[in-house]
Amino acid sequence: MKTLITPNLLKFTLATIILTIIFRIGLSTSITNKMTLAVILCSVFYGILMWFNGNYFGRKEYEYLPIYDIGFRFHLSTFLAHNLISILWFVFAFESKYENIKIIYITTLIWSAFLIIHMIYYLSVRKSSIKNLDKKDLFE
Amino acid sequence: MAKNILPDLLSSWEETYKKGQLTLWIFLALKDGQKYVDEIKEFIESKSKNTINCEEQSLYRNLRKYEHIDVVSFENKKGNKGPDRKYYFLTEIGTELLEKFIERNIKLFFSTEINNLLK
């Protein structure tokens, strides 16, 4: 377990938490002020920055030690960080008066389905690894 | 016509042939004795007569993987100057792995029949 939670994964998660909080602030503010364009821009920027975040730390992780499966571990971390912050946003009543927590639950539910598919893939490829390293990528 | 493409063909074949050789050279360097990364690099380049060139980054990456799967380990020793150096060595399983690999893949080149063909 300790080998799966690497320094790069922790840095990625920290960056995800910061980006998600900024995204939530932008989103709730835009919704409160009924700024549709700002809502779209917030989501687009959040998506782009998260892509750079994953790409940067994912590459670093691969170059340091390609522990299987980088994609799934980063996906799971994003899922947990994003949804936890979203729920806490409502718990601490930071949300806009037009927002409904049901949307968060539905998003989490749909996302869970994709995460399970990814997990099935992860468990299947894990069989072709030795100590969580891809057999094909072990020796050069 | 064939004469003109010979260097390209040779370099293409060599490129493919060299892929997968780095592990063997690293293991041979460590079989020769404990070494730190610069010494491994020097060993590989000199013993392969510069046919195998390896970047330090690539060596570190490979050594981390071998360490992770317990075929290589290291101990910290004082360098001439500066911080301690990691001196890598083959573990018991690493030594056994190298022996088995050589037995199955390298020694066949030393049979009289193949040796004659290589002459």
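Note that the coordinates shown come from a computational prediction; the quantities given were computed from them, not determined experimentally. (Residues numbered from 1 in each chain as written. Chains lettered and ligands numbered in written order. Predicted model: local features only at pLDDT ≥ 70, side-chain atom pairs only at ≥ 80, totals over all residues.)

Enquirer: Would you explain the overall build of chain A in this entry?
Expert: Secondary structure summary: chain A contains 4 helices and 2 strands in total. For chain A, the spread of C-alpha atoms along the principal axes amounts to about 55 × 25 × 25 Å. Taking all 140 residues of chain A together, the buried fraction comes to 19%. (Helix = DSSP H or I, 4+ residues; strand = E, 2+ residues; numbered from the N terminus. Buried ≥ 20, exposed ≤ 12 C-beta atoms within 10 Å, placed from the backbone.)

Enquirer: I'm lost on the packing of helix α3 (residues 70-91) of chain A against helix α4 (residues 101-126) of chain A in this one. Help?
Expert: Packed helix pairs are specified by the crossing angle of their axes together with the interaxial distance, meaning the distance between the axes. All names here are of chain A. Here α3 crosses α4 at 165 degrees, and the two axes come no closer than 10 Å. What the angle tells us is that α3 and α4 run roughly antiparallel. Crossing angle aside, the handedness with which α3 passes α4 is left-handed. Of α4, the residues touching α3 (which contributes F72, H75, L76, F79, N83, S86, I87 and F90) are I101, I104, T108, W111, L115, H118, M119 and Y122. Residues of the contact of α3 with α4, tallied by class, amount to 11 nonpolar, 5 polar and no charged. (Axes fitted to C-alpha atoms, helices over the stretch in contact; angles between N-to-C directions. Parallel < 35°, antiparallel > 145°, perpendicular 65-115°, else oblique. Left-handed = near helix turned anticlockwise from the far one by under 90°. Contact = placed C-beta atoms within 7 Å. Nonpolar A, V, L, I, M, F, W, Y, C, P; charged D, E, K, R; others polar.)

Enquirer: Help me out: how do you make sense of the nonpolar core in this one?
Expert: In a soluble, globular protein the nonpolar side chains are often hidden away together inside. Ranked by size, the top nonpolar core spans 14 residues in total, and within it I26(B), F27(B), A29(B), L30(B), I40(B), V72(B) and L90(B) carry the most contacts. Elements that contribute at least two residues to this core include exactly α2 (22-31), α3 (37-47), α4 (56-68) and β2 (85-90) of chain B. Counting residues per element, this core draws most heavily on α2(B), which supplies 5 residues. Setting aside its immediate chain neighbours within four residues, I26(B) contacts I40(B) and N62(B). Counting 6 residues, the second-largest nonpolar core is a separate cluster that includes F57(A), I67(A), Y68(A) and I70(A). (Core = buried A, V, L, I, M, F, W, Y, C linked by C-beta atoms within 7 Å.)

Enquirer: Looking at this model, I keep getting lost on the interface of chain B and chain A. Mind explaining?
Expert: Interface size, as often reported, equals the accessible area lost upon joining of the parts. Facing the 9 residues of chain B at the interface are 9 residues of chain A. Listing elements by their share of the side of chain B that touches chain A, those giving two or more residues are α2 and α4 of chain B. Element by element, the count of residues in the side of chain B that touches chain A is highest for α4(B), at 5 residues.

Enquirer: Could you clarify how one ought to interpret the environment of F27(B) in this entry?
Expert: All names here are of chain B. Examined against the element boundaries, F27 turns out to sit in helix α2. Given 22 C-beta atoms within 10 Å, F27 falls into the buried group. Here the alpha-carbon distance between F27 and L97, two residues 70 residues apart in the chain, equals 9.5 Å. Discounting residues that sit within four places of it in the chain, F27 has contacts with L90 and L98.

Enquirer: Would you explain the confidence of the model for chain B in this entry?
Expert: Segments scoring low in pLDDT should not have their predicted coordinates read at a detailed level. Here chain B averages 90 in pLDDT, and 97% of its residues register 70 or above. Across the interface, the model reports ipTM at 0.73; the global pTM reads 0.79. (pLDDT = per-residue confidence, 0-100.)

Enquirer: So what exactly am I meant to see when it comes to the environment of V72(B) here?
Expert: Residues and elements named next belong to chain B. By the secondary structure assignment, V72 is in strand β1 (residues 72-77). Taking the C-beta count within 10 Å as the criterion, V72 has 21 such neighbours and is therefore assigned buried. Apart from the residues lying within four places of it in its own chain, the contact partners of V72 are L30, L63, Y66, E67, Y88, L90, T91 and G94.

Enquirer: Would you take a moment to explain the packing of helix α1 (residues 7-32) of chain A against α3(A) for this structure?
Expert: Residues and elements named next belong to chain A. Between α1 and α3, the shortest axis-to-axis distance is 9 Å and the interhelical angle comes to 35 degrees. Handedness of the crossing formed by α1 with α3: right-handed. Residues L9, F12, T13, T16, I17, T20, I21 and R24 of α1 touch α3, and the partners they reach there are R73, F74, S77, T78, A81, H82, I85, S86 and W89. Classifying every residue of the contact of α1 with α3 gives 8 nonpolar, 7 polar and 2 charged.

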